[in-house]
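What follows is each chain in one-letter form.
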2 protein chains.
Amino acid sequence: MGTSSSPAHDSSAHRSETLAVVGGTGPQGKGLAYRFAAAGRRVIIGSRSAERAAETAAEITERTGSARISGETNEIACAAADIVVLAVPFSGHSGLVSELAPVLDGKIVVSCVNPLGFDKLGPYGLTVEDGSAAEEAQRLVPGARLVGAFHHLSAVALWGDSDVLSHEDVLVVGDDEMAKVVVGNLAAHITGRPGIDAGALRLARQLEPLTSVLISVNKRHKVTAGIRIAGLAHV
Amino acid sequence: MGTSSSPAHDSSAHRSETLAVVGGTGPQGKGLAYRFAAAGRRVIIGSRSAERAAETAAEITERTGSARISGETNEIACAAADIVVLAVPFSGHSGLVSELAPVLDGKIVVSCVNPLGFDKLGPYGLTVEDGSAAEEAQRLVPGARLVGAFHHLSAVALWGDSDVLSHEDVLVVGDDEMAKVVVGNLAAHITGRPGIDAGALRLARQLEPLTSVLISVNKRHKVTAGIRIAGLAHV
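Residues numbered from 1 in each chain as written. Chains lettered and ligands numbered in written order. Predicted model: local features only at pLDDT ≥ 70, side-chain atom pairs only at ≥ 80, totals over all residues. Heavy atoms only, no water.

Student: Sorry, what's going on with the interface of chain B and chain A here?
Tutor: How big an interface is tends to be stated in terms of the accessible area lost upon association of its parts. At the junction of the two partners, chain B supplies 40 residues and chain A supplies 40 residues. Both faces considered, chain B and chain A share a buried interface measuring about 3,200 Å² in area, 62% of it formed by carbon and sulfur atoms. With a shortest N-O distance of 2.7 Å, D119 of chain A and R202 of chain B are connected by a salt bridge. Every element with two or more residues in the side of chain B that touches chain A is listed here: β7 (122–125), α7 (177–191), β10 (196–199), α8 (204–221) and β11 (226–230) of chain B. Per element, the largest residue contribution to the side of chain B that touches chain A is 11 residues, and it comes from α8 of chain B. (Contact = heavy atoms within 4.5 Å. Buried area = accessible area lost by both parts, 1.4 Å probe. Salt bridge = Lys/Arg side-chain N within 4 Å of Asp/Glu carboxyl O. Helix = DSSP H or I, 4+ residues; strand = E, 2+ residues; numbered from the N terminus.)

Student: Quick question: what am I supposed to make of the packing of aromatic side chains here?
Tutor: Within a pair of aromatic rings, the relevant descriptors are the distance that separates the centres and the angle that separates the planes. Residue and element names in this part refer to chain A. Summed over all chains, the structure comprises 4 aromatic pairs over all chains. Between Y34 and W159 the ring centres are 5.1 Å apart and the planes differ by 65°, which places this aromatic pair in the edge-to-face class. Linking Y34 in helix α1 (residues 27–38) with W159 in the loop between α6 (155–158) and β9 (171–174), this pair joins segments that are 125 residues apart in sequence. A residue is classified by how much of its surface remains accessible, and Y34, at 12% relative accessible area, is buried. Ring geometry for F36 versus F150: centroids 5.8 Å apart, planes at 70°, classification edge-to-face. With F36 in helix α1 and F150 in the loop between β8 (145–148) and α6, this pair connects stretches of sequence that are 114 residues apart. Side by side, F36 and F150 carry an identical accessibility label, which is buried. (Phe/Tyr/Trp six-rings, centres within 6.5 Å; stacked < 30°, edge-to-face > 60°. Buried < 20%, exposed > 50% of the residue type's maximum accessible area, 1.4 Å probe, protein only.)

Student: What is the right way to read the pattern of salt bridges from this model?
Tutor: Any two side chains of opposite charge can pair, on the condition that their charged atoms come close. Overall, the coordinates contain 28 salt bridges over all chains when judged by the stated rule. Two residues, R139 of chain A and D130 of chain A, come together in a salt bridge whose shortest N-O distance is 2.7 Å. For R193 of chain B, the salt bridge is made with D169 of chain B, and the minimal N-O distance between the two is 2.8 Å. Here D169 of chain B lies in the loop between α6 (155–158) and β9 (171–174) and R193 of chain B lies in the loop between α7 and β10, a separation of 24 residues in the sequence. According to the relative accessible area criterion, D169 of chain B is buried, its value standing at 5%.

Student: Before we go on, may I ask you to explain the relation of the copies chain B and chain A in this structure?
Tutor: Between the two copies of the chain lies a relationship made up of a rotation around an axis and a movement along it. Superposition record for chain B on chain A: RMSD 0.0 Å, screw rotation 180°, translation along axis 0.0 Å. Such a turn and shift between the copies fits a two-fold axis. Considering only C-alpha atoms, the residue of chain B closest to the rotation axis is R228 of chain B, which sits at 2.5 Å. A shared binding surface is used by both copies, with 100% of the interface residues of chain B retained as interface residues in chain A. (Least-squares fit on C-alpha atoms with pLDDT ≥ 70 in both.)

Student: Would you mind going over the pairing of strand β6 (residues 116–119) of chain B with me for this structure?
Tutor: Side-chain direction in a regular strand flips from residue to residue, so the side chains alternate between the two faces of the sheet. All names here are of chain B. The pairing of β6 with β7 spans 4 bridges and is antiparallel. Bridge pairing in β7 links F118 to P123. In this structure, the hairpin formed by β6 and β7 is closed by a connection of 2 residues. (Pairing = 2+ DSSP bridges.)

Student: Where do I start with the packing of α1 of chain A against helix α2 (residues 50–64) of chain A in this structure?
Tutor: When two helices pack together, their arrangement is captured by the angle between the axes and the distance separating the axes. Residue and element names in this part refer to chain A. Direction vectors running N to C along α1 and α2 enclose 45°, while the axes themselves pass 10 Å from each other. By the criterion of interaxial angle, the relationship of α1 to α2 is oblique. By crossing handedness, the relation of α1 to α2 is classed as right-handed. On the side of α1, the interface is formed by K30, A33, Y34, A37 and A38, while α2 contributes T56, E59, I60, R63 and T64. Of the residues assigned to the contact of α1 with α2, the class counts are 5 nonpolar, 2 polar and 3 charged. (Axes fitted to C-alpha atoms, helices over the stretch in contact; angles between N-to-C directions. Parallel < 35°, antiparallel > 145°, perpendicular 65-115°, else oblique. Left-handed = near helix turned anticlockwise from the far one by under 90°. Nonpolar A, V, L, I, M, F, W, Y, C, P; charged D, E, K, R; others polar.)

Student: Just to check I follow, could you spell out the packing of helix α4 (residues 93–104) of chain B against helix α5 (residues 133–140) of chain B for this structure?
Tutor: All names here are of chain B. With their axes 9 Å apart at the nearest point, α4 and α5 run at an angle of 35° to one another. Crossing handedness for the pair α4 and α5: right-handed. For the pair α4 and α5, the contacting residues are H93, S94, V97, S98 and A101 in the first and A133, E136, A137 and L140 in the second. Across the contact of α4 with α5, the residue classes tally to 5 nonpolar, 3 polar and 1 charged.

Student: How do you make sense of the pairing of strand β3 (residues 69–73) of chain B when you look at a structure like this?
Tutor: Residue and element names in this part refer to chain B. Bridge count between strand β2 (residues 42–47) and β3: 5 bridges; the pairing is parallel. From the neighbouring strand, G46 faces β3, where its bridge partner is E72. Read from β2 through helix α2 (residues 50–64) to β3, the crossover connection turns out right-handed. (Right-handed = clockwise from strand over helix to strand, strands pointing away.)

Student: Please explain the sheet that holds β9 of chain A as it appears in this structure.
Tutor: In a beta sheet, neighbouring strands are held together by backbone hydrogen bonds and run either parallel or antiparallel to one another. Residues and elements named next belong to chain A. Strand order across the open sheet formed by 8 strands is β3-β2-β1-β4-β5-β8-β9-β10, with mixed pairing between neighbours. On the outer flanks of this sheet lie β3 (69–73) and β10 (196–199), each paired with one strand and no other. Shown here is a sheet whose adjacent strand axes are inclined to one another by a mean of 30°, direction ignored. Each of β4 (83–86), β5 (108–111) and β8 touches helix α5 (residues 133–140); the most contacted strand, β8, lies at about 175° to it.

Student: What should I look at first to understand the confidence of the model for chain A in this one?
Tutor: Detailed reading of the predicted model is not advised wherever pLDDT is low. All names here are of chain A. Chain-level pLDDT for chain A is 93 on average; 92% of the residues reach the 70-or-more range. Counted against residues more than four places away or in other chains, residues 1–11, with its pLDDT under 50, gives 13 contacts. In the predicted complex, the global pTM is 0.91; the interface-specific ipTM is 0.89. (pLDDT = per-residue confidence, 0-100.)

Student: Is there a simple way to explain the side chain of Q28 of chain A in this structure?
Tutor: Among the secondary structure elements, Q28 of chain A is positioned in helix α1. Look past the residues within four positions of Q28 of chain A in its chain and what remains in contact with it is A87, C112, N114, F150, H151, A155 and L158 of chain A.

Student: What am I meant to see in the environment of L203 of chain B here?
Tutor: Residue position: L203 of chain B is located in the loop between β10 and α8. When neighbours within four sequence positions are excluded, L203 of chain B is seen to be in contact with P123, S212, V213 and S216 of chain A together with V173 and A198 of chain B.

Student: What is the right way to read the sheet that holds strand β5 (residues 108–111) of chain B from this model?
Tutor: Residue and element names in this part refer to chain B. Judged by pairing direction, the sheet is mixed, and its 8 strands sit side by side in the order β3-β2-β1-β4-β5-β8-β9-β10 without closing on themselves. Where the open sheet ends on each side, the last strands, each with one partner, are β3 and β10. Across this sheet, the average inter-strand angle for adjacent strands is 30°, counted without regard to direction. The pairing of strand β4 (residues 83–86) with β5 spans 4 bridges and is parallel. Across the sheet, residue I83 finds its bridge partner in β5, namely I108.

See the structure below:
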């Protein structure tokens, strides 16, 4: 976690942290891992298959030139990481998080899981018993420092050619203030500025299904829409 | 509704429409009524008290110079209107909409109702049996042409001095495509460009409680936050 005297906004202070991206072979996880690796972070791609994880890591190494990215099973990736990003489909989420609970305990766990359904009317937010996927993970791993973030960045944009996705904001929610600062600084690797602290973890109930609105806008307008918070000049 | 040959984006084609703002003496309703009146629209402020409605109308007349704004009871306002904006607290929403059902039937009804709760952790979205306030109104008045819009514009900004709130977007949801176009054009009076069609009415389940995230951002960062959709250059 760097030295305690390092300013929180100096990302170089945190370069020794290792990030694991669970579901790192999927489009969202791969895109996030690419951005973190491109920023010089140490990243371990996690997957059910260590072989597929290694393939994705090799692809990102080839693109970024970073030697600080590797692939492992989800369990090994999490065990070796300081910060774990959950970038998995909601289907199977609770089973996977339960399995990984021993290696998530005590760590900063970032959920960018979007529980969505699709039918003839388009995308919609699923009802989640715990309120949100992030809260479900918190219930399953009470000792984890849960943060919700990165829900609205499109996989296409993340893997795309723009150096900085400066037109988008990352909204960060959680009940652990220090963990939110760390994750907010991760966001700066992607958008060029820290994520926006949006409040308590339970507001993940709003952030997760908001993705259904963005997908709906994309379909109607043939765009890749993102969220920007207006009026933040004073932050 | 203007002549059928008028382009949808030509707001002058709709100047003959009368708007009623139910709850027009509250901050959100008053702010919207002010913006519509300033754009030359015919607006009737609705309230439980005709006297308070007339007072708010007089205040807006004084500010805008428009003689096309008046105040009435909610029922009279709705009966005289082509388009009704529901700008009321969620508390009491179902009772009020039920009462007004006969004068809402067949009309474009715009819900900007935000079912929110507040506790020590801050604001949060209430659970609504119908999914959203907009869907509740649709159930209570099946013949109304329900549209959800204007959830995220702050009352302070609406009543403020900026001519155009160009840094914000209005997201518009509904199952009546033509009604969404009409309401999208109303949004142009406020933000300088049409609202963004975001899909089916049920997505009001996401737009309404998203306001809790904005309020949370406001409290944490001492700002007046709004929503902007990034990546829409191609619309």
